[in-house]
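Summary of structural features
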Amino acid sequence: MTSRLLQRSLGSPDYDGIRQALRDDTSTPVLSVRGLEVRVAVLPLFTHDGRQAVRVSSTEPLTHVLVGVDSASGRDVTLLVPEVDAPREFTLECRDDAGVVGSAQITVTPQRKWSVFVVHHSHLDIGYTDPQGTVLRHHLDYLDAAVRLGQETASWPDDARFRWTVESSMPALRWLEHRPKEMVDAFAELARAGLIEVTALPFQLHTEACSTEELHRQLRFTAQLERRYGFATTSAMHTDVPGAVVGLVDALSQHGVRYLAAAHNWAGRSVPYLHGGDKLSRPFRWRAPSGNEILVWFTDTPHGMAYMEGNTVGLTDSYELADDLLPRYLSALATRGYPYGPGTFGWQGPDAPKEPYELDVLHLRVQGAHADNAGPSIVPATIARRWNEQWAYPRLRSAVNSDFFEHVEERYHDSLAVHEGDWTDWWADGLGSGARPLGYVRRAQSALRVAETLHTLAGVDATERIDAAYDKVALFNEHTWGAANPWEDAEEGGDSGGLQWTRKSSGAYDAQDDASDLLHAAARRFGAALSESDAAEGGALSSFAVFNPATWTRTDVVRAFLPRDVVDVEVPITLVDARTGERLPHHEELVDPADWPTRPIGRHVHAVVPDVPGFGYVRLDVVPGETQAPEPVELDESGVIENEFYRVAYDVREGYIGSIFDKRAGRELVNGDAAAGFGQYVYDRYATAPHFNHLSGHVGAHDRTLLGDRAIGEHARITEARRTAVGEKLVVELRGKGVDWIRTTIELHHGVPRLDLTYQLAKQGTPAKEAVFLAFPFAAGQATAWELTGGVGGPDVPRVPGSAEYMLPIRHWIAFEDPELTIAWATLEAPLVQLGTIHMPYAPFPPTLDQEDGTVYSWALNNIWDTNFPAQQQGETTFRYAVTSETGAGGRRLGAAAASGLCEPFVGALITDSPGTSETYVSVDHPDVLVTSIGWDGVRLQSLAAEPVETTVTLPGREPVEVRLPACGVAVVRGTRQ
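Residues numbered from 1 in each chain as written. Predicted model: local features only at pLDDT ≥ 70, side-chain atom pairs only at ≥ 80, totals over all residues. Heavy atoms only, no water.

Regarding the overall build of the chain
Our working rule: Working definition: helices are DSSP H or I runs of at least four residues, strands are E runs of at least two. Numbering for both runs from the N terminus. Here the term buried applies to any residue with accessible area under 20% of the maximum for its type, exposed to any over 50%, and partly exposed to those in between, with areas from a 1.4 Å probe on protein chains only. Note on contacts: a residue pair qualifies if any of its non-hydrogen atoms lie within 4.5 Å across the two residues. Positive charges come from Lys and Arg, negative ones from Asp and Glu, while His and the chain ends are left out of the count. By convention, the point assigned to a charge is CZ for Arg, NZ for Lys, CD for Glu and CG for Asp.
From N to C terminus, the chain includes 16 helices and 51 strands. Dimensions along the principal axes, computed over C-alpha positions, put the chain at roughly 120 × 60 × 55 Å. The buried share of the chain, reckoned over its 978 residues, is 62%. Within the chain, residue pairs in contact and separated by at least 24 positions form 73% of the contacts whose partners lie at least 6 positions apart. Distance between charge centroids for the chain: 3 Å, based on 86 positive and 133 negative side chains.

Topic: the sheet that holds strand E30 (residues 707–712)
Condition: Should DSSP find at least two bridges between two strands, the strands are taken to pair.
Across the sheet, six strands lie side by side as E30-E29-E35-E42-E41-E38; this open sheet has antiparallel pairing. Edge positions in the sheet fall to E30 and strand E38 (808–809), since each of these pairs with one other strand and no more. Here E38 runs beside strand E41 (residues 832–835); their pairing, made up of two bridges, is antiparallel. Across the sheet, Leu 808 pairs through a bridge with Val 833, a residue of E41.

Description of helix H12 (residues 401–412)
Turn by turn, an α-helix covers 3.6 residues, leaving residues three or four places apart pointing in a common direction. Where we set the bar: Multiplying one less than the number of residues by 1.5 Å gives the expected span of a helix.
Its twelve residues give H12 an end-to-end C-alpha distance of 17 Å, which sits within 8% of 16 Å, the value for a rise of 1.5 Å per residue. Taken together, the buried positions of H12 are occupied by Asn 401, Ser 402, Asp 403, Phe 404, Phe 405, His 407, Val 408 and Tyr 412.

A closer look at the layout of surface pockets
Keep this limit in mind: Cavity: a set of points on a 1 Å grid over the protein atoms alone where a 1.4 Å probe fits but cannot get out. Pocket: an open set with protein on both sides within 12 Å along at least five of seven lines, its lining residues, like those of a cavity, having an atom within 4 Å of a point. Grid points are joined across faces, edges and corners, and a volume is the space filled by probe spheres set on the points. Classification convention: Asp, Glu, Lys, Arg as charged; Ala, Val, Leu, Ile, Met, Phe, Trp, Tyr, Cys, Pro as nonpolar; all other residues, Gly among them, as polar.
Looking at the second largest pocket, its volume works out to about 960 Å³. Contributing to the lining of the second largest pocket are 49 residues, with Arg 893, Ala 896, Ala 897, Ala 898 and Ser 900 lying nearest its centre. Elements represented by at least two residues in the lining of the second largest pocket include exactly helix H6 (212–217), helix H13 (435–457), strand E18 (554–563), strand E37 (791–793), strand E43 (875–886), helix H16 (891–903), strand E47 (929–935) and strand E48 (938–943). Considering every element that reaches the lining of the second largest pocket, the biggest residue donor is H16, with nine residues. Of the residues in the lining of the second largest pocket, the class split is 20 nonpolar, 18 polar and eleven charged.

Focus: the pattern of salt bridges
Going by this rule: What counts as a salt bridge is simple: a side-chain nitrogen of Lys or Arg found within 4 Å of a carboxyl oxygen of Asp or Glu.
Enumeration according to the criterion identifies 60 salt bridges in this entry. For the salt bridge of Arg 619 with Asp 621, the shortest nitrogen-to-oxygen distance reads 2.8 Å. With respect to class, Arg 619 is no different from Asp 621; both count as buried. In this structure, Lys 763 engages Glu 770 in a salt bridge whose closest nitrogen and oxygen atoms are separated by 2.9 Å. You can call Glu 770 buried: its relative accessible area is 0%. Here the salt bridges share partners, and the residues they tie into one network are Glu 213, Arg 217, Arg 220, Glu 452, Asp 467, Asp 471, Asp 937, Arg 940 and Arg 974.

Structural notes on the environment of Arg 465
You can see Arg 465 is positioned in helix H14 (residues 463–477). For the pair Arg 465 and Ser 543, spaced 78 residues apart in sequence, the C-alpha separation works out to 29 Å. Not counting residues within four places of it along the chain, the set of residues in contact with Arg 465 comprises His 455, Val 460, Leu 518 and Arg 525.

Overview of empty space enclosed by the protein
Here the idea is plain: a probe the size of a water molecule rolls over the atoms and shows the empty space left. According to the stated counting rule, one finds six cavities of 30 Å³ or more in the structure shown. Space inside the second largest cavity adds up to approximately 90 Å³. Lining the second largest cavity are Ser 122, Leu 124, His 139, Tyr 142, Leu 143, Trp 164, Thr 165, Val 166, Glu 167, Ser 168 and Pro 171. Broken down by secondary-structure element, the contributors of at least two residues to the lining of the second largest cavity are helix H3 (132–152) and strand E8 (164–166). Tallied by class, the residues present in the lining of the second largest cavity amount to six nonpolar, four polar and one charged.

Overview of a negative patch on the surface
What counts, and what does not: The patches described consist of residues with a relative accessible area above 30% and no salt bridge, like charges being joined within 9 Å and nonpolar side chains (Val, Leu, Ile, Met, Phe, Trp, Tyr) within 5 Å. Throughout, the Shrake-Rupley method with a 1.4 Å probe supplies accessible areas, and for residues the shown protein chains are the sole cover considered.
Taken together, the side chains of Glu 488, Asp 489, Glu 491, Glu 492 and Asp 495 make up a negatively charged region of the molecular surface. You can see Glu 488 is positioned in the loop between H14 and helix H15 (497–531). Of the residues examined, Glu 488 reaches a relative accessible area of 36% and is grouped as partly exposed.

Overview of the pairing of strand E14 (residues 361–366)
Among the six residues of E14, six are classified as buried, and the element is accordingly described as predominantly covered. Going residue by residue along E14, you find Val 361, His 363 and Arg 365 tucked away on one face and Leu 362, Leu 364 and Val 366 tucked away on the opposite face as well. When strand E7 (residues 115–120) meets E14, the two strands line up parallel, connected through six bridges. Note on E14: the bridge partner recorded for Val 118 is Leu 364.

A closer look at the nonpolar core
What counts, and what does not: We define the nonpolar core as a collection of buried residues of types Ala, Val, Leu, Ile, Met, Phe, Trp, Tyr and Cys that are connected through side-chain atoms lying within 4.5 Å of one another.
Among the nonpolar cores identified, the biggest contains 83 residues, and Phe 526, Phe 547 and Leu 941 are the most heavily contacted of them. If we skip the residues at most four places from it in the chain, Phe 526 touches Leu 454, Leu 457, Ala 458, Ala 545, Phe 547, Tyr 617, Ala 909 and Tyr 921. With 50 residues, the next largest nonpolar core counts Leu 761, Ile 810, Ile 814 and Ile 823 among its residues.

With respect to the packing of aromatic side chains
Ring pairs (aromatic) are described by centroid distance and by the angle formed between their planes. The condition that has to hold: Any two of the Phe, Tyr and Trp rings considered here, Trp counted by its six-membered ring, make a pair once their centres fall within 6.5 Å; the pair's planes then place it as stacked at under 30 degrees, edge-to-face at over 60, or tilted in between. For a ring to carry a charge above it, either NZ of a lysine or CZ of an arginine must fall within 6 Å of the ring centroid while also lying within 35 degrees of the normal to the ring plane.
Taken as a whole, this structure holds 41 aromatic pairs when the rule is applied. With a centroid separation of 5.5 Å and 55° between ring planes, the pair formed by Phe 776 and Trp 825 is classed as tilted. Here the residue Phe 776 occupies a position in strand E35 (residues 770–777), and Trp 825 occupies one in strand E40 (residues 822–827), the gap between them amounting to 49 residues. Each member of the pair, Phe 776 as well as Trp 825, carries the same accessibility label: buried. The ring of Phe 46 carries Lys 113 above its face, with NZ or CZ at 5.2 Å from the centroid. Directly above the aromatic system of Trp 596 lies the positively charged group of Arg 599, at a separation of 4.0 Å from the ring centroid.

Examining unusual backbone geometry
In this chain, Tyr 393 is followed by Pro 394 through a cis amide linkage whose omega measures -5°. For Pro 394, the position within the fold is in the loop between helix H11 (379–390) and strand E15 (395–399). Omega for the bond connecting Ala 843 with Pro 844 falls within 30 degrees of zero, at 0°, which places this linkage in the cis form. Note on placement: Pro 844 falls in the loop between E41 and strand E42 (855–863). Located in the positive-phi region is His 715, a residue other than glycine, with phi close to 55°. Here His 715 lies in strand E31 (residues 714–724).

Remarks on the environment of Glu 588
Going by this rule: Pairing of N or O atoms within 3.5 Å defines a polar contact, subject to two protein rules: one partner must be a possible hydrogen donor and the other a possible acceptor, and residues neighboring in sequence count only if both atoms are side-chain atoms.
As for its position among the elements, Glu 588 is in strand E21 (residues 586–591). When the C-alpha positions of Glu 588 and Phe 561 are compared, they lie 9.5 Å apart, and in sequence the two are 27 residues distant. Those residues in contact with Glu 588 that lie beyond four places of it in its chain are Ile 573, Arg 603, His 604, Gln 628 and Ala 629. For Glu 588, the side chain forms a polar contact with the side chain of His 586, separated by 2.8 Å. Only 3.2 Å separates the side chain of Glu 588 from the side chain of Arg 603, close enough to count as a polar contact.

A closer look at the confidence of the model for the chain
Condition: Every residue gets a pLDDT, meaning the predictor's confidence in that residue, from 0 to 100.
Taken over all residues, the pLDDT of the chain has a mean of 94, while the share at 70 or more is 96%. Confidence drops under a pLDDT of 50 for residues 1–11, and excluding neighbours within four residues, the segment shows seven contacts in the predicted structure.

Quick notes on the side chain of Asn 863
By the element assignment, Asn 863 lies in strand E42. Using a relative accessible area of 2% as the deciding quantity, one classes Asn 863 as buried. Separated by 2.7 Å, the side chain of Asn 863 and the backbone oxygen of Ala 871 make a polar contact. Aside from chain neighbours lying at most four places away, what touches Asn 863 is Thr 766, Pro 767, Ala 768, Lys 769, Glu 770, Pro 870, Ala 871 and Gln 872.

Quick notes on the packing of helix H4 (residues 169–178) against helix H5 (residues 181–192)
Between two packed helices, the angle of one axis relative to the other and the distance separating the axes together describe the packing. Put simply, the rule is: Orientation is described by axes fitted as lines to C-alpha atoms, over the contacting stretch for helices, and by angles from 0 to 180 degrees between their N-to-C directions. For this classification, under 35 degrees means roughly parallel, over 145 means roughly antiparallel, 65 to 115 means roughly perpendicular, and everything else is oblique.
Across the interface, H4 lies against H5 with an axial gap of 8 Å and an inter-helix angle of 140°. When the axis of H4 is compared with that of H5, the two are oblique. Residues Ala 172, Trp 175 and Leu 176 of H4 lie in contact with H5, whose contacting residues are Met 183, Val 184 and Phe 187. A class-by-class count of the residues in the contact of H4 with H5 yields six nonpolar, no polar and no charged.

This is how it looks when you write it as structure tokens:
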């Protein structure tokens, strides 16, 4: 069986086939006689003496004559004619030893005079081709080579000098830290001279997995580079990942970065050209709601050539191959919607309608070899040098990333299209392949904001430790989640999937541990700082400062630990609100050494604390009680729990929540006629096989044929139904395919207008292609708003054309609004949702159910990828959600409130003295402005509003500060430390 047979059978993308397709698509057959075929291509090639080129190819060697102009012999020849400014006809004669074989009339047309910026870089996959540490060490070696090559070509013509773009800054930062001073000085000199460029992103991120603060922090080094080494960072590269959040525009802009080169890899999973991608011209100006904008270039093929464009046309192979292919590629750009047609790269989609590329300047990426993580090569610069000696146009420039953008900005800026909104990532579904570590990371993102705030309020600068923890979080959000073949477990190469995922997932757990450590320490420091303040008379056994890390005053539950050595567990206690003297009902959970000999002894105290100010605390005093806290009251098995705001009924027979009745609005929140029940477990399995690299590139799903099985949770039984002093709780266990068990916990707290839901799955590991959804059908119309990283999305909010539409990677909340009621749904661990239906996970992603606008399907986890992401997942995994509703509330505000209750729980800090009864550390007076954290650099704000707003920031003992925030913008109020 020959390799040729395999390629033709499997449709594997190989460079020979791609290149031949380019040759065929850019030439015209003009003669076919006696088994000979002659093809002609008029190409954008110009000599220095003012002639342009015609390429002639024949199946046998011939002498090709443009009568009266030029001639040459061979299979592939270049004939030169005087440059034309209008179509002109010539006669082509093809001769062999016996005479004229045949002749044809050909038309030579005017051609563009191209400027091609060849941007040499290495795509950084932290893993994939080798274990992570190996890859990173190789990238440091690449920088050694880049410095040497930059110095060795110092005498070359400027356009041909070796230039290197550091696609991801992390290797450069490590290199600068660990290389000798003379090497660092040489690097900095080359960078200042524009021969090396360090771009802004530390590595290639799934930006939708990032929190807004995390995204901004990952760009903090840009100012350090300019301060220490004297070169600025003005451009970024976003490679491989097909999409980025709207918040990236603001983050880059606020750090002085004006340009973004995106190279999206569709990898067979994506169909942007079916969702407006054919209307996305390039370059374009990407504008955020804030008004910030960056200039964007993106590689443009519907099949995912991405960052291998330059390699495909021979720029790392040889001058001869580049001379053959590059002009053809430029001709295809100028005359076709896409330079390559169906059948290349394994892509079998339609030849998407698109206007040809309009400009005569091109950003062309090249890597030193045909692979990810390829090192630098002198070949592209050598080709540029010889090319420019041979040809006047196209002009090749060995360039760094920003060179291209400066050229375009100067000549075309005002005429470029402007696009707004989120550029939704087609690969975001891969986040569901590592649900447990992703959940840990998302918890860490919330904890770090609170930890930094409490450290700052305690007078401790924890910036360095917080930054380090955020770096670990971001490293998990880096786009390489596994090896090329993640199901293998070798020690090196692309089969080292087991090693790579072990390191990747352990990084997530490590990041969450760091965040928990920081929050644990911050609560102690905050409590200690309050204990050192002026004591008030009291007589309490102890006290808690209950801190609210959200912006607005709220009533919620606090869970705090009272150690036995502070108050003995045998001593009855009562909690007193120090502001009012009122006693607060509380519930206790004892940590008995007989049950938990390895844990601190004491009691966990739960209480609902009313009206705790945002970014402030209230003091709860622990005073002697007359009797021990009441034991829980067992409820009947009706499956009904309630508080002042909601009555929730669980349908045990069906295995889902049958009703959520809003008492205030007098309205049912659940759509009882929906296809799925509220909170129902849905398990899909697909009829595709595991363990095939890039399988999805060969799979299309135009209907439900590949939906092999769909199952739901069954055999529900109530395992706990009880009422405590703080609320009511129902626990239900079910069985279902794909899991050993499913545990649903439903909670309502007295005085808290929110329903809390927790789902725990004991997941079975399997390489079979699968997905788990949790359904939430609301009695509402379509969702009106949802939270994104650095922005807010919605059905009427612009998105960059070509964005993914069948799914949404959100931060935390979705809102539904109608004139009578607003409903908000929030998620902590699981960011992926599908609205209204469940889609097949293969392009073009057809729906499998009729559309129901009010239904949210939380795509909790999946195993649908066949490369880069883990091949299976297992173990106990937790997903938390919240639901709230309110009449007359704005969707964005209520969504943020639901997310705060879920993601920013009250912190109970033990204090030994009695400071003031309550204090607010910062407040804002605009309802759409959030305080996200307080750091050593100031108070951080974020706006939810769709238009610019002004707010007054008030801090104790300081003059109020007026701040104007752009739409969905962020700001820092400086100089706010005590």
